[in-house]
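In case you want the letters, here they are:
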Amino acid sequence: MNTFACTCLSICLAAAAAVMTPALAQQRPASAGPADPQLIEDLIAANRILAMQGVVDAMGHVSVRHNRDPNRYLMSLARAPELVTEADIMEYDLDSNPVRDPGRRQYSERYIHGEIYKLRPDVFAVVHAHTPSVVPFTVSRVPLRAIAHSGGFLAEGLPTFEIREAGGMTDMLVSNAAFGRALAEKLGDKPAILLRGHGMAVTGKSLPYVVGRSIYLGVAAKLQAEAIALGGAITYLDPEEGRKIEARRDYIRPWELWKRHAMGK
Ligand SMILES: [Zn+2]
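Residues numbered from 1 in each chain as written. Predicted model: local features only at pLDDT ≥ 70, side-chain atom pairs only at ≥ 80, totals over all residues. Heavy atoms only, no water.

> If you had to explain the pairing of strand β4 (residues 125-129) to someone new, which residues and values would you point to?
Taken across its 5 residues, β4 has 5 buried, putting it largely inside the fold. Burial along β4 is two-sided: Ala 125, Val 127 and Ala 129 facing one way and Val 126 and His 128 facing the other are all buried. Sheet topology places strand β1 (residues 61-65) next to β4; 4 bridges connect them, and they run antiparallel. Each bridged residue has a counterpart across the sheet, and for Ser 63 the counterpart in β4 is Val 126. Strand direction decides the pairing type here: β4 and strand β7 (residues 199-204), joined by 5 bridges, are antiparallel. Within β7, the residue paired with His 128 across the bridge is Ala 201. (Buried < 20%, exposed > 50% of the residue type's maximum accessible area, 1.4 Å probe, protein only. Helix = DSSP H or I, 4+ residues; strand = E, 2+ residues; numbered from the N terminus. Pairing = 2+ DSSP bridges.)

This is how it looks when you write it as structure tokens:
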């Protein structure tokens, strides 16, 4: 009796597993394995730096591609960036499905990250933020342009994502793959994109790059508004100047300082 029950149970479990495995595999992508601890530390630092520099407040997020697999990325669960710790870091596939713990609270706009990674193999880190100095330029006919050296990466101009073109009247959040895809297509090969009435998404080849660009995008918006307030004609950076600046750009020096302030070491 016990043997029969045991055998029956085994068969039933095996049958159930055979039926469930494809569905589970779809819901739970495989993990790429443990990420480089240095990358995790830098991701935590990036979260804190963005908060300390006023790029994000309780909202906004930063991600980085997994060092073991370009088809996975790492990002915190839904938490204010300043509070993010190692235990909060989640791993996602490029459809923005978590590889484990799907019950944890997740950023509803994580599709911005996954869809940009799909279309831009050169991008290794992404920031989404609602930086106050930038938002007016997402709704104004005055384009955001570089007036200072630190804004060299935006000298060629940035596209603006109009979510009404992708979804009509929405709550304006990029909260599904279709909206994320539309945003990534509008981004094209540019370093960043403005989101009308919402904020910005910024890309970089590393965490220091994306953090540096995000900080200086906010600075550029502030400087331009101040230059406009002075009145008179403004001399903007020429796109060629921007390209020459970017060819030599790195954020090594500021990253060391920002990280030290953020991590207390
Ligand atoms: Zn947002």
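On we go from here.
> Go over empty space enclosed by the protein with me, naming the residues and quoting the values.
For the coordinates displayed, the defined rule picks out 1 cavity of 30 Å³ or more. As a volume, the largest cavity reaches approximately 40 Å³. Lining the largest cavity are Phe 161, Ile 163, Met 172, Leu 195, Arg 196 and His 198. By residue class, the composition of the lining of the largest cavity is 4 nonpolar, 1 polar and 1 charged. (1 Å grid on protein atoms, 1.4 Å probe; cavity = no way out; pocket = protein on both sides within 12 Å on 5 of 7 lines; lining within 4 Å. Points joined across faces, edges and corners; volume = space filled by probe spheres on them. Nonpolar A, V, L, I, M, F, W, Y, C, P; charged D, E, K, R; others polar.)

> Please give an account of the nonpolar core that cites residues and values.
Core analysis: the largest hydrophobic core is formed by 46 residues, its most contacted members being Leu 207, Val 211 and Leu 217. If you list the elements that add at least two residues to this core, you get α2 (37-52), β1, β4, β6 (192-195), β7, α7 (207-230) and α9 (252-263). With 9 residues, α2 is the largest single contributor of residues to this core. Once you skip the residues sitting within four places of it in the chain, Leu 207 turns out to touch Leu 39, Asp 42, Leu 43, Ala 46, Val 62, Ser 63, Val 64, Ala 125 and Trp 255. Counting 23 residues, the second-largest nonpolar core is a separate cluster that includes Met 75, Tyr 117, Ile 163 and Phe 179. (Core = buried A, V, L, I, M, F, W, Y, C linked by side-chain atoms within 4.5 Å. Contact = heavy atoms within 4.5 Å.)

> Report on the coordination of the zinc ion, specifying residues and quantitative values.
The coordination sphere of the zinc ion, as far as protein atoms go, consists of Glu 109 (OE), His 128 (NE2), His 130 (NE2) and His 198 (NE2), spread over 2.0 to 2.1 Å. Classification of the site at the zinc ion rests on its 4 donor atoms, whose angles at the metal span 94 to 141°, yielding the label irregular. Ordering the donors of the zinc ion by residue number gives the pattern E-x18-H-x1-H-x67-H. With relative accessibility at 0%, the residue His 128 sits in the buried group. Classification of His 130 as partly exposed rests on a relative accessible area of 27%. (Donors = N, O, S within 2.8 Å, 3.2 Å for Na, K, Ca; no water. Tetrahedral: all angles 85-135°; square planar, octahedral: opposite > 155°, others 65-115°.)

> Outline the packing of α2 against α7, supporting the account with residue identities and numerical values.
Put simply, α2 and α7 touch, their axes get as near as 10 Å, and they point 5° apart. Our classification of the angle between α2 and α7 gives roughly parallel. Side by side, α2 and α7 meet where Leu 39, Asp 42, Leu 43, Ala 46, Ile 49 and Leu 50 of the first sit next to Leu 207, Val 211, Ser 214 and Ile 215 of the second. Per-class residue counts for the contact of α2 with α7 are 8 nonpolar, 1 polar and 1 charged. (Axes fitted to C-alpha atoms, helices over the stretch in contact; angles between N-to-C directions. Parallel < 35°, antiparallel > 145°, perpendicular 65-115°, else oblique.)

> Go over the sheet that holds β7 with me, naming the residues and quoting the values.
Strand order in the open sheet made by the 7 strands is β3-β2-β1-β4-β7-β6-β5, with mixed pairing throughout. The sheet is open, and its two edges are formed by β3 (89-93) and β5 (160-161), each paired on a single side. As defined by bridge partners, β5 adjoins β6 across 2 bridges and the pair is classed as parallel. When the bridges of β6 are listed, Phe 161 appears paired with Leu 195.

> I'd like a rundown of the pattern of salt bridges, residues and numbers included.
With the rule as written, the count across this model stands at 16 salt bridges. For Arg 213, the salt bridge identified is with Glu 246, shortest N-O distance 3.7 Å. Of this pair, Arg 213 sits in helix α7 while Glu 246 sits in helix α8 (residues 239-247), and the two are 33 residues apart along the sequence. What makes Arg 213 buried here is its relative accessible area of 14%. With a closest N to O distance of 3.3 Å, Arg 249 and Glu 246 form a salt bridge. (Salt bridge = Lys/Arg side-chain N within 4 Å of Asp/Glu carboxyl O.)

> Residues and numbers for the packing of aromatic side chains, please.
Considering all chains together, one arrives at 5 aromatic pairs under this definition. Ring geometry for Tyr 216 against Tyr 251: centres 6.3 Å apart, planes inclined by 20°, an arrangement best described as stacked. Placement of the pair is Tyr 216 in helix α7 and Tyr 251 in the loop between α8 and α9, with a sequence separation of 35 residues. Ring geometry for Tyr 216 and Trp 258: centres 6.3 Å apart, planes at 45°, overall tilted. Taken together, the residues Tyr 216 in helix α7 and Trp 258 in helix α9 connect sequence positions 42 residues apart. With relative accessibility at 8%, the residue Trp 258 sits in the buried group. Here Arg 65 stacks its cationic end above the ring of Phe 124, 5.5 Å away from the centre of that ring. (Phe/Tyr/Trp six-rings, centres within 6.5 Å; stacked < 30°, edge-to-face > 60°. Lys NZ or Arg CZ within 6 Å of the ring centre and 35° of its normal.)

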